[in-house]
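Summary of structural features
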Protein chains: 4
Amino acid sequence: MNAAIRAIARSAMTAGLEAYGINYGFAGLVAGDIHQLSSSDMDGIIARGGTILYSARFPEFAEEKVQLQGIEQLKKFGIDALVVIGGDGSYHGAERLSQHGFNSVGIPGTIDNDIPGTDFTIGFDTAVNTALDALDRINDTATSHQRVFVVEVMGRGAGDIALWAGVSAGADAIVIPERDYDIKAIADKIKLNRKKGKDHALIVLAEGVMSAADFKTKLDQYGSFDSRAITLGHVQRGGRPTAKDRVLASRFGDYAVKLLLEGKGSLAIGIRDNKLVATDIIDTLENHKHITDVSLQDVNKRLRF
Amino acid sequence: MNAAIRAIARSAMTAGLEAYGINYGFAGLVAGDIHQLSSSDMDGIIARGGTILYSARFPEFAEEKVQLQGIEQLKKFGIDALVVIGGDGSYHGAERLSQHGFNSVGIPGTIDNDIPGTDFTIGFDTAVNTALDALDRINDTATSHQRVFVVEVMGRGAGDIALWAGVSAGADAIVIPERDYDIKAIADKIKLNRKKGKDHALIVLAEGVMSAADFKTKLDQYGSFDSRAITLGHVQRGGRPTAKDRVLASRFGDYAVKLLLEGKGSLAIGIRDNKLVATDIIDTLENHKHITDVSLQDVNKRLRF
Amino acid sequence: MNAAIRAIARSAMTAGLEAYGINYGFAGLVAGDIHQLSSSDMDGIIARGGTILYSARFPEFAEEKVQLQGIEQLKKFGIDALVVIGGDGSYHGAERLSQHGFNSVGIPGTIDNDIPGTDFTIGFDTAVNTALDALDRINDTATSHQRVFVVEVMGRGAGDIALWAGVSAGADAIVIPERDYDIKAIADKIKLNRKKGKDHALIVLAEGVMSAADFKTKLDQYGSFDSRAITLGHVQRGGRPTAKDRVLASRFGDYAVKLLLEGKGSLAIGIRDNKLVATDIIDTLENHKHITDVSLQDVNKRLRF
Amino acid sequence: MNAAIRAIARSAMTAGLEAYGINYGFAGLVAGDIHQLSSSDMDGIIARGGTILYSARFPEFAEEKVQLQGIEQLKKFGIDALVVIGGDGSYHGAERLSQHGFNSVGIPGTIDNDIPGTDFTIGFDTAVNTALDALDRINDTATSHQRVFVVEVMGRGAGDIALWAGVSAGADAIVIPERDYDIKAIADKIKLNRKKGKDHALIVLAEGVMSAADFKTKLDQYGSFDSRAITLGHVQRGGRPTAKDRVLASRFGDYAVKLLLEGKGSLAIGIRDNKLVATDIIDTLENHKHITDVSLQDVNKRLRF
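Per chain, the residues get numbers from 1 upward, laid out in the order the sequence is written. To label them, take the chains in the order written and letter them from A, then take the ligands in the order written and number them from 1. With pLDDT at 70 or above as the cut-off, local features in this predicted model cover only qualifying residues; side-chain atom pairs require 80 or more to be listed or tallied, and sums for whole chains, interfaces and linings still use all residues. Hydrogens and water molecules were not included; the side-chain quantities draw on all heavy atoms of the structure.

**Notes on the UniProt feature "domain: Phosphofructokinase" (unreviewed entry) in chain A**
- UniProt positions are given in the numbering used here, feature names are shortened, and annotations may be inferred rather than shown by experiment. The UniProt record annotates "domain: Phosphofructokinase" (unreviewed entry) at residues 1-260 of chain A.
- Per the convention used, a helix needs a DSSP run of H or I reaching at least four residues, while a strand needs a run of E reaching at least two, with both numbered from the N terminus. For residues 1-260 of chain A, the helix share is 45%, the strand share is 14%, and the end-to-end C-alpha distance is 20 Å.

Put into structure tokens, the structure is as follows:
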């Protein structure tokens, strides 16, 4: 997030524009919690997790009246265009402002990777690596103690974190909302592995499917596995961002400013097939969905024990 | 763990002895799952989490008959002394073997730091730093989203992890089994902090007190905090050991061999006041308890916001 | 590397083939240091740096006679196809074997990212993140001590590591072999920044341009900067691979086996525009070059202080 | 460093005192670059490397006239006591101020661990773990490529980093300024190991002995080792501090304030035998030296291959 804020602000300043930061998202927008950013405010933030502009839920922004109040504030500060970084809610806010004629651009920033119009979101790579750190450690314990671990990773609507972290950790099974799963088949595989000499197992589960505790209960109906359920939860958020996320955020922010300077707007920024793209934000949100690369599940099946 | 295994085996070989590894703890001892270790088996394991000798629960070892079977196996392999690395259960096994006249030495290896006879156990420093990684990330989210996080860390009988990780993370409150706690006072402090401009809070809770979910429920009775409960759980285990743990394990293992070579035995190894010590294992377990440095809670109170 | 070895071996076994590992690269091939791999040999190696098959330089493999000796060994073990993981040298060996009619496939594995036929190589993302860890720490010192650091990162022929690590660290200048550089302009920028209140600077330099020490000497001719030269060197190699590298290696290895099963061969595997590709290895090496995305240098210029 | 700043400031505020920060060390003191610290200034800094108060060399502070100017500034701001965090230079500055009657307390903060009056300094544990990260990675490469690495770690006057990082990394030799070394014996050991099947080696060298390049040159006179020289250098500084360093810094800062409140002063704070201690700063600097625990070198000799 901070890397994107820095990129937008610095790129704008380099182009001779003024950059303003809005604290607490749309709540701060409506309340006028807006302040000019200096270049030195951006110094060093690229390495830090979280966001220097804070974040807040603001369901009230679904109301047209409140949206128009937000636009009033933007005009009061002499702001010509808004760049919103975030997930689903942030994007819909930007869409509404665009519909009211206020030039708003969305940058995909959510760890779940579930935004249409892009292959990757800012924060996804960091979250996957953080989950992987935990999975590697859990593998140490699973191996030493001959245990079966069911680990629930983030991903309400999309299995991307489960797939990437699962393949990286060498999971015995990856369970995602995009595809059916067969708990009995997973149980049979674990039993077969034991006969072949592998006493431990790791099952990576996207939270959108069910909870780790529920999965463990179902799994235990098929055998005695000395299984443990773990929910990684909030531990996957925050932390020093990876290089990939910082480069992506830097490119997104810089590209958003470039497009605004060219007079374009109402766009959703993304990266597709390794190229920066910008699509109409209204069309993107109304007519497209994020597509998870489920082929990683097939790869994983061929590579497990 | 692996660092201690390496230290015992290598130090013994350097002294001209043979070293044997026993897989799966006392279960493997009784089953005769015993094999000679070579120096090259130890190569590189100092950097790895878990244990190359595996671990298993074996409550049957409480029976005298089973203990004597274990001693039979040791004699069959020509083994003169046993070094056990572990926590409470491992120590009691070593104590029983010592009582039967088989020279057994205990090395404290448990992440909870709750072993008598030592200020620090192997694994504690690594677990604290792993918990701290998670707490630092949670702090990022708490700060960005103005939330209260209740984070349960390991420590059934001892608050050591909570205290060290809590002080390191700059927690607003640390709740440990060694001392009474006052949830209302914690709630009042959070409310007071909000008035002074600090919107987020971190409460670090030892699992021995209650679960994070229960604590959150109680806390929420005193106000509306947008609180979240997190249980770090198994994520705190495993992983690359820290330098402090590796040095400690190396010194412990080397010292255990030195004492055995001097003809001593039935000992609990430890570090006290920064010096290696060895105390009678029976006396240590029967008459002493681990003492947590609760003064860290007082330090933390003076250093928080 | 290990993730790719695991992927090739496991994917082959899943398809009913036997997999063999060759130690010490082409040297071991010619010497017949070849052994069958089992699925359990692959357990856990995905998380480990280095390579379980070792690596060795073997310039003698440039001779046709030696190449034919290698093919003899492969036939002796009943091996039908060879998958080579590595950089320039490994690829040319695979090309030669293909020219002699032995089916050989190359998988790009080098931290420099300088292999034709792919946007990314295995190891690049890990090396960039490792370099970034160091740069973040150096930034801490630079900021605290008002210093100018010239940091040389790996990249003899390609500036990829310098660009990715430099953008991620928020470098004040990135110097790469693909483009001219102007030391005086960099010195002037540092002086200008000081007037604007920024006392520290970070210059990221690809080793292919010149050494950090030489760059520092030239820079110091333009002013008094309290500058320091650092060469990251071998510290950038090894270590736990990132999720991106593990996923990439898993996909590459699995894809190589898939192509071999389809009867294809003499290929260079790669990822281009986020899609797996395979191109003729001879044509790829003879007629194509790796293309560095130098636009990241422009992005960085717009985002720095 | 930041953890200690936070501890001093917060502990003082909790006791009802005002806390001031001085930027750029003694240079800022003399220039009057002094500002009051608020509790919220301290929020989150415990997790960050470097120092929010900056650091600067200031050899001019050796002059009595300049020292008295510093005391003038302190009086101007109504400051009654000074807590200095740092190494040798900082301590001598504090000693001088104490000699002039201005109550000054030293907290040991240097990565080299070479301050008298304490077993451990703030920053040492972090630096050792950072060096260890690099050594673990180098071990990956050494093992894969059968190489001998000579790695120079920080430590001009003391071998502490070399000893702790060397034992932790399982070094084949640790060379420190406190003890004689025998390069021929090291070379012979490497050759012997090769005969026994270990092809790689790691030599950890304290910078106070000689440079890695010089050591490599001397080593190469005894055989053909495919050796590489690496200087870790500045990469060992900075970065997120470890739990041990944060707890130590928190305790030191809190203890310094406690002593000042009791009317004591002119002290050097330390930890000895795991207990906080405070000794006369003048006596400590004039009559005592840091004692490195060289027995770790003996331990390492018994534990290596």
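So much for the structure itself; the text now carries on.
**Focus on the pairing of strand 3 (residues 82-86) of chain D**
Residues and elements named next belong to chain D.
- Type-normalised accessible area, obtained with a 1.4 Å probe on protein chains alone, sets the label of each residue: buried when under 20%, exposed when over 50%, and partly exposed for intermediate values. Most of strand 3 is tucked away, with five of its five residues classed as buried.
- Burial along strand 3 is two-sided: L82, V84 and G86 and V83 and I85, pointing in opposite directions, are all buried.
- If DSSP finds at least two bridges between two strands, the strands pair. Here five bridges tie strand 3 to strand 4 (residues 104-108), and the two strands are oriented parallel to one another. Directly across from I85, in strand 4, lies its bridge partner I107.
- By convention, a crossover is right-handed whenever its connection, traced from the first strand over the helix to the second and viewed with the strands pointing away, goes clockwise. Remark: the strand 3/helix 4 (residues 88-99)/strand 4 crossover connection has right-handed handedness.

**Comments concerning the packing of aromatic side chains**
- In this scheme Phe, Tyr and Trp rings, the latter by its six-membered ring, pair at centre separations within 6.5 Å, and the angle between planes marks the pair as stacked below 30 degrees, edge-to-face above 60, and tilted otherwise. Summed over all chains, the structure comprises 28 aromatic pairs over all chains.
- For the ring pair F58 of chain A and F61 of chain A, a centre distance of 6.3 Å and an interplane angle of 40° mean the geometry is tilted.
- Note on Y20 of chain B and F77 of chain B: the rings are 6.3 Å apart at their centroids and 65° apart in plane angle, and the pair reads as edge-to-face. Within this pair, whereas Y20 of chain B is found in strand 1 (residues 20-22), its partner F77 of chain B is found in the loop between helix 3 (64-76) and strand 3 (82-86), the two being separated by 57 residues in sequence.
- On the basis of relative accessible area, F77 of chain B is assigned to the partly exposed category, the value being 28%.
- Each residue in the set F26, F58 and F61 of chain A is aromatic and connected to the rest through ring pairs, giving one cluster.

**Structural notes on the UniProt feature "binding site: Mg(2+)" (unreviewed entry) in chain A**
- In this numbering, the UniProt entry assigns the feature "binding site: Mg(2+)" (unreviewed entry) to D88 of chain A.
- One can find D88 of chain A in helix 4 (residues 88-99).

**Observations regarding the sheet that holds strand 8 (residues 227-231) of chain B**
Residue and element names in this part refer to chain B.
- Spatial strand order, 6-7-5-8: four strands in an open sheet with parallel pairing. Since the sheet does not close on itself, it has two edges, and those belong to strand 6 (173-175) and strand 8, each with one partner. Across the sheet, the axes of successive neighbouring strands diverge by a mean angle of 15°, strand direction being ignored.
- Pairing of strand 6 with strand 7 (residues 201-206) involves three bridges; the strand directions are parallel. Residue pairing across strands places I174 opposite V204, the latter belonging to strand 7.
- What makes two residues a contact is simply this: any of their non-hydrogen atoms within 4.5 Å. Axis definition: a line fitted to C-alpha atoms, limited for helices to the stretch in contact. Angles are taken between N-to-C directions and run from 0 to 180 degrees. Running over the sheet, helix 7 (residues 183-195) touches strand 5 (148-153), strand 6 and strand 7 and is turned about 160° from strand 7.

**Some words on the relation of the copies chain A and chain C**
- Least-squares superposition of the copies uses the C-alpha atoms of those residues scoring a pLDDT of at least 70 in each of them. Overlaying chain A on chain C yields an RMSD of 0.0 Å, the required transformation being a rotation through 180° with an accompanying axial translation of 0.0 Å. Here the transformation between the copies is reduced to the relation of a two-fold axis. For chain A, the minimum C-alpha distance to the rotation axis belongs to D273 of chain A and amounts to 2.1 Å.
- When the interface residues of chain A are mapped onto chain C, 100% of them are again interface residues, pointing to one common binding face.

**Some remarks on the interface of chain A and chain C**
- Counting residues at the interface gives 45 residues for chain A and 45 residues for chain C.
- Throughout, the accessible surface (probe 1.4 Å) given up by two parts as they are put together, summed over both, is called the buried area. Interface area lost by chain A to chain C is led by V247, R302 and L303 of chain A, which between them contribute 16%.
- By definition here, a salt bridge exists when the distance from a side-chain nitrogen of Lys or Arg to a carboxyl oxygen of Asp or Glu is within 4 Å. The interface formed by chain A and chain C contains twelve salt bridges.
- One salt bridge connects D136 of chain A with R240 of chain C, and the closest N-O pair in it is separated by 2.6 Å.
- As used in this structure description, the phrase polar contact means that two N or O atoms lie within 3.5 Å; if the pair is within protein, one of them must be able to donate a hydrogen and the other to accept it, and residues adjacent in sequence are counted only when both atoms belong to side chains. Taken together, the links from chain A to chain C amount to 26 residue pairs in polar contact (both at pLDDT 80 or more).

**Points about unusual backbone geometry**
- The phi torsion at S266 of chain A lies on the positive side, around 55°, for a residue other than glycine.
- On the secondary structure map, S266 of chain A appears in the loop between helix 9 (243-261) and strand 9 (267-272).
- You will see that D226 of chain B, though not glycine, has its phi angle at about 45°, which is positive.
- Counting through the fold element by element, D226 of chain B comes out in the loop between helix 8 (212-220) and strand 8.
- Residue D226 of chain B is classed as partly exposed on the basis of its relative accessible area of 39%.

**Focus on the pattern of salt bridges**
- Under the criterion given, the structure shown has 68 salt bridges over all chains.
- In this structure, the salt-bridge partner of K264 of chain C is E262 of chain C, at a minimum N-O distance of 2.9 Å.
- E262 of chain C sits in the partly exposed class, given a relative accessible area of 41%.
- What you see here is one network of salt bridges that share partners, running through D133 and D136 of chain A together with R240 and R246 of chain C.

**With respect to the pairing of strand 10 (residues 275-280) of chain A**
All names here are of chain A.
- Examined bridge by bridge, strand 9 and strand 10 share six bridges and lie antiparallel to one another. Bridge pairing in strand 10 places I269 opposite A278.
- What sits between strand 9 and strand 10 in their antiparallel hairpin is a turn of two residues, with D273 showing a positive phi close to 50°.

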